[in-house]
Amino acid sequence: AVVSTQSTGIECLGSGSNYGNDIESSEAREVVIWASVRHKKKAALELYAKEIAGASTGMAPGFTTMLGGRPRPTPILRYKPFFYSKDLVDITVNDSEFKSTNTEFSPTQPQSPPEETIPVVSEGNQSYRLEELAYLRSGDKGNSANLGIICRDKSLYSALDARLTSAAVKDYLHHLGEDLEVTKYNLPGVGAFNFVLDNALG
């Protein structure tokens, strides 16, 4: 029987595909194929699980195996944000809940943050890695991901703002798919940028 799936996904973990054009070498010594299918009916996915099980016994001996045994259908959890008026939420704050017996972080013993080394950016034609000039954080929700970039010093904000455009980020990550959409949000007050990558995770 032929079953038409709603969507499929195949990734070669270890091949460096996530680096796009910036992959350092195309010679992979070992890869793991991650394959997934999506269907509304559980029975269709169970059929796929039975068929794919043959990969561990019918393909190249010594080179192919199945990690974790035969796959089992699992539900897809989606992120669905919605608006709920704060007037409908009863909030009570009790000061006693915020007291701590941990003297290490007691208000009477303030902790001094470690000294931050501000990067020195020379004038002229220079090349820097982004991590030398900014902190980077990322996250994901559903089919979207985000990249948070915080300047190590606010004096670098204008230079990074001019170079870190939505078009530049989309071009760098174009291998994530043709439907990739990149939206840039500027946070000048904290010297940061937030890039939302829609349709980035398949």
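Fair warning: this is a prediction, and the values are worked out from it, not measured in the lab.

Trainee: How would you explain the overall build of the chain if you had to name every residue and give the values?
Mentor: Scanning the chain from N- to C-terminus turns up five helices and six strands. Going from the N terminus to the C terminus, the chain shows its helices and strands as β-β-α-α-α-β-β-α-α-β-β. In the chain, which comprises 202 residues, the share counted as buried stands at 15%. For the chain, long-range pairs separated by at least 24 residues make up 47% of all intrachain contacts whose partners lie at least 6 apart in sequence. Just so you have it, the chain exposes about 16,900 Å², and 52% of that area is on carbon and sulfur atoms.

Trainee: Tell me about the environment of K42, and name the residues and values.
Mentor: By the element assignment, K42 lies in helix α1 (residues 42-52). We classify K42 as exposed; its relative accessible area is 54%. C-alpha of K42 to C-alpha of R72: the two residues are 30 residues apart in sequence and 9.4 Å apart in space.

Trainee: Explain the packing of aromatic side chains to me, using residue names and the numbers behind them.
Mentor: Tallying each qualifying case throughout the model produces one aromatic pair. Ring centres 4.8 Å apart and planes at 10 degrees place the aromatic pair Y157 and F193 in the stacked group. In this pair, Y157 is assigned in helix α4 (residues 157-163) and F193 in strand β6 (residues 192-198), connecting sequence segments 36 residues apart. The exposure class of Y157 is buried, given its relative accessible area of 13%. Given a relative accessible area of 1%, F193 falls into the buried group. The aromatic ring of Y135 is capped on one face by R152, whose charged end is 4.3 Å from the ring centroid.

Trainee: Account for α1, with residues named and values stated.
Mentor: All of the buried residues along α1 are A44, L45 and A49. All buried residues of α1 project into a common sector of 145 degrees when viewed along the axis, lining one side. Projecting away from the buried face of α1 at angles above 90 degrees are the exposed residues A43, K50 and E51. Those residues of α1 that are buried are in contact with β2 (32-38).

Trainee: A description of a nonpolar patch on the surface should follow, citing residues and the corresponding values.
Mentor: Together, F82, Y84, L88 and V89 make up a nonpolar patch on the protein surface, roughly 480 Å² of accessible area in all. For Y84, the location among the structural elements is in the loop between α2 (55-58) and α3 (130-133).

Trainee: Go over the confidence of the model for the chain, please, and point to the residues and values.
Mentor: Scored by pLDDT, the chain comes out at a mean of 79, with 76% of its residues at no less than 70. When the criterion is pLDDT under 50, residues 98-106 qualifies, and its contacts beyond four places in sequence or with other chains add up to five contacts.

Cut-offs and rules
Residues numbered from 1 in each chain as written. Predicted model: local features only at pLDDT ≥ 70, side-chain atom pairs only at ≥ 80, totals over all residues. Heavy atoms only, no water. Helix = DSSP H or I, 4+ residues; strand = E, 2+ residues; numbered from the N terminus. Buried < 20%, exposed > 50% of the residue type's maximum accessible area, 1.4 Å probe, protein only. Contact = heavy atoms within 4.5 Å. Areas by Shrake-Rupley, 256 points an atom, 1.4 Å probe, with all protein chains shown as cover. Phe/Tyr/Trp six-rings, centres within 6.5 Å; stacked < 30°, edge-to-face > 60°. Lys NZ or Arg CZ within 6 Å of the ring centre and 35° of its normal. Arc of directions from axis to C-beta. Patch = residues over 30% accessible without salt bridge, like charges linked within 9 Å, V, L, I, M, F, W, Y side chains within 5 Å. Salt bridge = Lys/Arg side-chain N within 4 Å of Asp/Glu carboxyl O. pLDDT = per-residue confidence, 0-100.

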